[in-house]
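A structural walkthrough
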Amino acid sequence: MFNHTTNAAVRAARPAHGANPQMLAEVAAGLSAPQKELSPKYFYDQRGSELFEEITRLPEYYPTRTERKLLQGWMPELISQLGTRTLIELGAGSAEKSRIILDAMRAAGTADLYIPIDVSATFLSLTAATLRREYPGLTVEPAVADISEELNLPRRFPHPALFAFLGSTIGNFYPPAAIRLLGRVRAAMSPSDRFLMGVDLRKDVARIEAAYNDSAGVTAEFNRNMLRVLNHELGANFDPLFFEHRAFYEPVAHRIEMHLVSTRAQVVTIPGLGEISLAKGESIRTEISAKYDRASVSELFDAAGFRIEAWPTDPNTPFGLVIGAPV
Ligand code: AVJ
């Protein structure tokens, strides 16, 4: 519950401290909801991006290594079939997995253009510089964008293009937003282009929950780091030590939910917004990570204008790579 802050006040919030007004408005809306909520995009400052890289190396966190194995096994054949000249990657991050696709394009002699899209400008420019050194002759055109809003693509790029959305980051989007995002990708595609999406599949709940509650506590640190991002970006005075990490599987919606639970009754101040009271035990939801099966992916693809063209999965660890063709 906000003190002295009504919805009108939320709407009229004036960013003090040079804060980004859109971020302030989003945070205001999220923290005034019955279930307080913040967008997972606020995890990814430099430190958050580094913590996520650390998570991908954890024994419990199976998605990244499983997807990498699938990509290594399948990309050379797929890329030579498609004749891909442009790779457009949503949420590229460190582009660690993108190199598997770029290697296949180089081997096929069609590595013309790579467009990594990411919300973290600093991380993106670092990644782009490294890739230009590693792939002489490949044009690298980074696009800074919040993919939940736009793709910020150049008007023209060589076709066939492959749009890649890896890591099961699609899981962060509630169904309507997921359809809108895939619809934006569909709208940017030409008939010869294809869409490659990594999806984490439903499996033994204990295995999924362990991936978000690692014994080293890296995910807990990653989760709490969001409060430091808000302190830095909005001048808030969250104390991350007054919050506990919680991640659990919600079986009805088939998703992991990550929350920050207030360990005491407390008041946090955000300049331009006012005071936010949190009761002991009250939580802020910081991420959903939906898990899919074939039916739920088909539903999503149908709604966005794709048909499933191919669907290799790893028999040992349910994770899928899906190729979508524009309908
Ligand atoms: C990058 C969104 C795919 O949901 O598994 C990892 C982020 N959150 N551990 C995921 C994450 C907690 C990750 N994605």
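Residues numbered from 1 in each chain as written. Predicted model: local features only at pLDDT ≥ 70, side-chain atom pairs only at ≥ 80, totals over all residues. Heavy atoms only, no water.

**Here we look at the environment of T66**
- When you line up the elements, T66 lands in helix α4 (residues 63–82).
- Placed 101 residues apart in sequence, T66 and G167 show a C-alpha to C-alpha distance of 9.6 Å.
- In this view, T66 contacts D314, T317 and F319; residues no more than four positions away in its chain are not counted.
- Within the structure, the side chain of T66 is placed 2.7 Å from the backbone oxygen of Y62, a separation counted as a polar contact. (Helix = DSSP H or I, 4+ residues; strand = E, 2+ residues; numbered from the N terminus. Contact = heavy atoms within 4.5 Å. Polar contact = N/O pair within 3.5 Å; in protein donor to acceptor, adjacent residues only side chain to side chain.)

**With respect to the site of the ligand**
- The environment of the ligand is made up of 14 residues, and the closest members are Y61, G167, Y212, E287 and S289.
- Taking Y212, its side chain carries an N or O atom lying 2.7 Å from an oxygen atom of the ligand.
- One nitrogen or oxygen atom from the side chain of S289 is found 2.8 Å from an oxygen atom belonging to the ligand.
- Relative to its unbound accessible area of 350 Å², the ligand is 97% covered by the protein chains.
- Looking at the shell around the ligand residue by residue, the classes come out as seven nonpolar, six polar and one charged. (Near = heavy atom within 4 Å. Areas by Shrake-Rupley, 256 points an atom, 1.4 Å probe, with all protein chains shown as cover. Nonpolar A, V, L, I, M, F, W, Y, C, P; charged D, E, K, R; others polar.)

**Details of the packing of aromatic side chains**
- Using the criterion set out here, one finds 13 aromatic pairs in the structure.
- The interplanar angle of 65° and the centroid separation of 6.4 Å between the aromatic rings of F165 and F173 together place this pair among those described as edge-to-face.
- Residue classification places F165 among the buried residues on the basis of a relative accessible area of 1%.
- For F173, a relative accessible area of 12% gives the class buried. (Phe/Tyr/Trp six-rings, centres within 6.5 Å; stacked < 30°, edge-to-face > 60°. Buried < 20%, exposed > 50% of the residue type's maximum accessible area, 1.4 Å probe, protein only.)

**Brief notes about the pairing of strand β9 (residues 255–262)**
- Taking burial as the measure, the eight residues of β9 include eight buried ones, the bulk of the element.
- Burial along β9 is two-sided: the face carrying R255, E257, H259 and V261 and the face carrying I256, M258, L260 and S262 are both buried.
- Bridge analysis of strand β8 (residues 243–250) against β9 gives eight bridges, and the strand direction is antiparallel. Residue pairing in the sheet places F243 in a bridge with S262 of β9.
- Once β8 ends, the chain turns through four residues before running back antiparallel as β9, passing H254 with a positive phi of about 55°.
- Alignment of β9 against strand β12 (residues 283–290), held across seven bridges, turns out to be antiparallel. Within the sheet, the bridge partner assigned to R255 lies in β12 and is A290. (Pairing = 2+ DSSP bridges.)

**Concerning the side chain of S296**
- Here S296 is to be found in helix α10 (residues 294–304).
- In this structure S296 comes out as buried when scored by relative accessible area, which is 16%.

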